Amino acid sequence: MPTNLTVLRRNLETVRSQTAEELQTPRVLTQLHTSQQAVQNAAIPFDHSGIVIPAKNENELTSWKVQEQYTARQWRYQILSDLERLYKRASLADSKTGGSDLQKVNEAHVSLSELIEWVCEQDVDPTQVLAFQETENGRAVLIEASKAAYREFGTHNMREARAAIEKQLGLELASQQEDYLAKQFPRQTSLTDAPTLSERDVLRLGRELWSAFRHTKDAPESEIGATLAAGQKQNQWQIEDRFLTADYWRSAASNGFDWALPSYSEWIAIIQLQDRLTPTQALETIERNARSARMTLNAVDPVVTYLEDGSDKAPLATLGHDGANRFLVIADRNDNPLVVTSLHQGLADYAVVSAPGKNCKVAHLKSPDAEARLEELLSVAQELRPQLNKQRLTWIDSEIEKTFQQWRDLTVSNLPDLKAGLLDVHQRIHQLANEIPSPGAGSHAGRGCAQRLVELALLSGMPRDNQNPLKFRLPDALETGSHGIRPDAEVLRADNGDGTCDVSWHDLDKHGNTNDEPYRMARSMPTSQANQYIARVSRESGERVGIRPLNLPGLAVHDFTTDGQAAPVGHWVSESDRNKWATGVPHSLIYRNNDGSQLFNWNDDRFRTSEDAHELQEIAVELIHGGTLTQEQTMHAIEVASYDGDYLLDVEQAEIDLVGTPQFNLQAELFRMSSRDDLKTAICQHIAQSSLEQSRASVKIQNVQSGSWIEAKRSLDEMLGPYAEETDMPGPRF
């Protein structure tokens with residue numbers, strides 16, 4: 001049913017005028033729901049599916065994008081999304097304690113109100129007539145009539161109950177008819193000032209009057225015509241003469257009044273791709289990924305074509321072949337928008353696939369058939385990952401901090417709960433690692449996230465398991481190759497140092513590993529001619545070749561245009577390369593990345609010096625044992641901790657059996673990077689999981705939880721004072 005503008009405007013007027021004291025959660029939710037329903041019911045025709053952008057260069061394209069305006073349907077989709085978010089936020093707010101949240105929700109609703117009204121006014125056939133039961137008097141009648149029907153019929157005879165309610169509403173409307181009409185359509189000074197009613201409005205009025213007259217008049221169809229004619233004479237409305245005849249109302253009653261009019265359900269119910277993604281957003285989806293795909297965005301007369309459900313798929317078959325600078329928007333398997341465009345003018349069957357907020361993949365479309373191409377694109381789309389932009393990295397960082405807090409909140413008093421909690425933390429660490437660029441794989445993006453994740457893995461005691469390493473992702477620039485662009489060969493060049501080089505072609509095995517023996521070889525090739533030779537030979541052989549970049553995983557894949565030029569078609573990574581470059585064990589990553597470089601720059605001011613960290617390790621021994629060790633025992637425990645990070649929990653037993661004594665390990669580097677509170681948390685959790693009997697473990701946990709690093713340092717200095725002077729121990733950074 002199209003939008004009722006009267007209901008909407010009445011709702012928005014209340015939203016704009018209400019005070020903070022009037023805001024209650026049910027009231028705000030009802031108002032948001034009313035606006036949502038109005039916008040949802042706005043019947044707005046679909047936009048044209050093909051947009052040609054007149055631009056001859058990047059400047060003209062940029063100017064067009066700046067000036068582009070949302071269409072009414074695009075605003076409708078955006079507003080519905082905004083109202084849904086506001087509804088969720090308001091539903092979580094408590095009227096007593098969440099007043100400020102409700103006020104912010106209401107302010108946001110007010111800021112949207114003009115746009116909400118404008119969108120609803122674009123409805124092709126809105127209505128402004130209120131049914132009697134939608135008016136204040138009608139609602140009161142409905143409540144009383146419902147109570148009376150319930151008393152008489154209960155809940156077992158709903159048909160009679162509904163009939164009784166409808167009859168009572170009709171009788172009351174008959175008695176309030178003049179007031180009902182006058183409040184909605186006050187008399188004007190002249191007929192030209194009166195609103196012109198659409199057929200939908202007239203039929204809605206007629207339906208209400210019929211419900212009144214059918215119980216009080218012998219010829220309700222004649223009474224409706226007479227009532228409408230009287231209203232027109234009193235300058236309440238303007239209507240066509242055909243609405244004043246009894247024949248019209250006799251026919252309208254048999255056809256269901258306004259229910260017989262078009263419902264425009266398709267325009268109302270269907271959310272199109274074009275509603276969700278503007279042409280500018282489609283272009284920018286590709287533009288944001290152009291650099292990683294090593295493509296140049298063609299700014300000359302781009303054509304954005306939306307292939308909606310049921311539309312002609314012919315543009316898929318001609319993509320790259322018809323000469324048009326075409327950007328296709330299609331739906332993926334989850335009905336989310338994908339953007340597809342040709343990769344290179346000289347390589348008609350290569351396409352770039354991306355989606356809003358995702359990275360891109362290059363697809364090789366081998367079939368000329370539109371449906372086959374669509375299936376290939378949908379398959380490639382399943383390989384897309386969230387784009388590693390600043391917003392995504394900020395989200396990852398916040399998720400790591402949440403996981404840190406989840407770890408800190410674990411209780412050590414219940415060992416099964418602690419172990420289960422740590423298992424959840426370790427599982428989340430694995431999940432987050434898969435969102436972070438692999439350390440040392442050619443990108444510094446996410447380096448801080450990787451450092452924090454490794455720190456948390458070590459603090460929480462993640463097992464030193466080489467069989468279950470952290471699996472990272474690769475940077476976007478190394479993830480552009482889809483499964484369909486695996487190269488036929490890797491080309492190697494060996495510089496001979498005399499202006500010549502040896503060029504060799506090597507097969508790849510089924511795992512993507514390069515065979516050592518070449519199947520084609522050219523020796524002492526002039527270096528200046530090598531690229532042309534590789535291109536000519538590979539093109540003549542119909543081979544797509546890969547070149548391995550220095551100190552990076554995978555192969556930069558090239559195919560060859562019809563005029564013999566090499567063109568990049570994505571970066572492809574074998575499983576063996578991925579396992580080598582995108583996996584890591586925290587206990588190893590603390591020292592080196594996969595490329596041999598350091599993940600942690602220990603010279604950074606935010607880290608403690610090695611001397612300060614060493615002394616903090618010593619103080620941890622005193623903190624754990626709470627002053628119960630002799631000087632000799634303390635020095636023994638410190639020596640063991642300093643050697644390999646093992647903290648003895650029963651030093652007396654260790655003097656007899658070092659291997660079998662209760663102990664735990666805490667990597668020394670944590671004392672350089674972690675806060676003292678986090679170190680305490682880690683120590684307590686390790687003690688709780690150790691083989692030390694529970695009562696003794698509880699004492700040592702209490703020592704750590706209640707103890708002070710400063711007091712433990714002072715106690716240690718007093719015990720080892722002469723020894724400390726002899727070895728000139730530096731103080732830690734407190």
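In the block above lies the structure referred to throughout.
Residues numbered from 1 in each chain as written. Predicted model: local features only at pLDDT ≥ 70, side-chain atom pairs only at ≥ 80, totals over all residues. Heavy atoms only, no water.

Right, let's get into the overall build of the protein. When helices and strands are tallied, the protein shows 30 helices and 16 strands. Taking 2.2 N^0.38 as the reference for a compact globule, 734 residues should give roughly 27 Å; the C-alpha atoms of the protein span a radius of gyration of 37 Å, well beyond that estimate. If you line up the protein on its principal axes, its C-alpha atoms span 115 × 80 × 45 Å. Here the protein holds 734 residues, and the buried ones make up 48% of them. Of the contacts made within the protein by residues no fewer than 6 positions apart, 69% connect residues no fewer than 24 positions apart. Here the protein has roughly 36100 Å² of accessible surface; of this, 47% comes from carbon and sulfur atoms. Charge-centre separation for the protein: the mean point of 74 positive side chains lies 4 Å from the mean point of 106 negative side chains. (Helix = DSSP H or I, 4+ residues; strand = E, 2+ residues; numbered from the N terminus. Rg over C-alpha atoms; globule rule 2.2 N^0.38 Å. Buried < 20%, exposed > 50% of the residue type's maximum accessible area, 1.4 Å probe, protein only. Contact = heavy atoms within 4.5 Å. Areas by Shrake-Rupley, 256 points an atom, 1.4 Å probe, with all protein chains shown as cover. Lys, Arg positive; Asp, Glu negative; His and termini not counted. Charge placed at Lys NZ, Arg CZ, Asp CG, Glu CD.)

Moving on to the environment of Ala282. By the element assignment, Ala282 lies in helix H14 (residues 279-287). As for Ala282 and Pro356, which are separated by 74 residues in sequence, their C-alpha atoms are 7.9 Å apart. The contact partners of Ala282, leaving out residues within four places of it in the chain, are Leu277, Val304, Val329 and Val339.

With that out of the way, let us pick up the pattern of salt bridges. Applying the stated criterion across every chain yields a total of 40 salt bridges. Among the ionic pairs, Asp476 bridges to Arg473, the shortest N-O distance being 3.0 Å. Classification of Arg473 as buried rests on a relative accessible area of 1%. Here the salt bridges do not stand alone but share partners, grouping Arg9, Arg16, Glu117 and Glu121 into one network. (Salt bridge = Lys/Arg side-chain N within 4 Å of Asp/Glu carboxyl O.)

Quick look at unusual backbone geometry now. The backbone of Asn235 shows a phi angle near 60 degrees, a positive value even though the residue is not glycine. Relative to the helices and strands, Asn235 resides in the loop between helix H10 (220-233) and helix H11 (246-255). We note that Asp335 has phi near 65 degrees; this positive angle belongs to a residue other than glycine. By secondary structure assignment, the location of Asp335 is in the loop between strand S3 (326-331) and strand S4 (337-344). Under the relative-accessibility criterion, Asp335 is labelled exposed at 53%.

To continue, consider the packing of aromatic side chains. All told, the structure shown has 15 aromatic pairs when counted by the stated rule. Each ring, one from Phe243 and one from Tyr248, has its centre 5.1 Å from the other, and the planes form 65 degrees; the classification is edge-to-face. Within the aromatic cluster, the residues linked to one another by ring pairs are Trp210, Phe243, Tyr248, Trp249 and Phe257. Here the guanidinium or amino end of Arg520 rests over the ring plane of Trp505, the centre of that ring lying 4.9 Å away. (Phe/Tyr/Trp six-rings, centres within 6.5 Å; stacked < 30°, edge-to-face > 60°. Lys NZ or Arg CZ within 6 Å of the ring centre and 35° of its normal.)

Turning next to the packing of helix H4 (residues 72-91) against helix H5 (residues 99-121). Between H4 and H5, the least distance of the axes is 10 Å, while the angle of their chain directions is 160 degrees. On the basis of the axis angle, H4 is roughly antiparallel to H5. Helix-helix and strand crossings are classified by hand; for H4 and H5 the assignment is left-handed. Contacts between H4 and H5 involve Ala72, Trp75, Arg76, Ile79, Asp82, Leu83, Leu86, Arg89 and Ala90 on the former and, on the latter, Asp101, Leu102, Lys104, Val105, Ala108, His109, Leu112, Leu115, Ile116, Trp118 and Val119. (Axes fitted to C-alpha atoms, helices over the stretch in contact; angles between N-to-C directions. Parallel < 35°, antiparallel > 145°, perpendicular 65-115°, else oblique. Left-handed = near helix turned anticlockwise from the far one by under 90°.)

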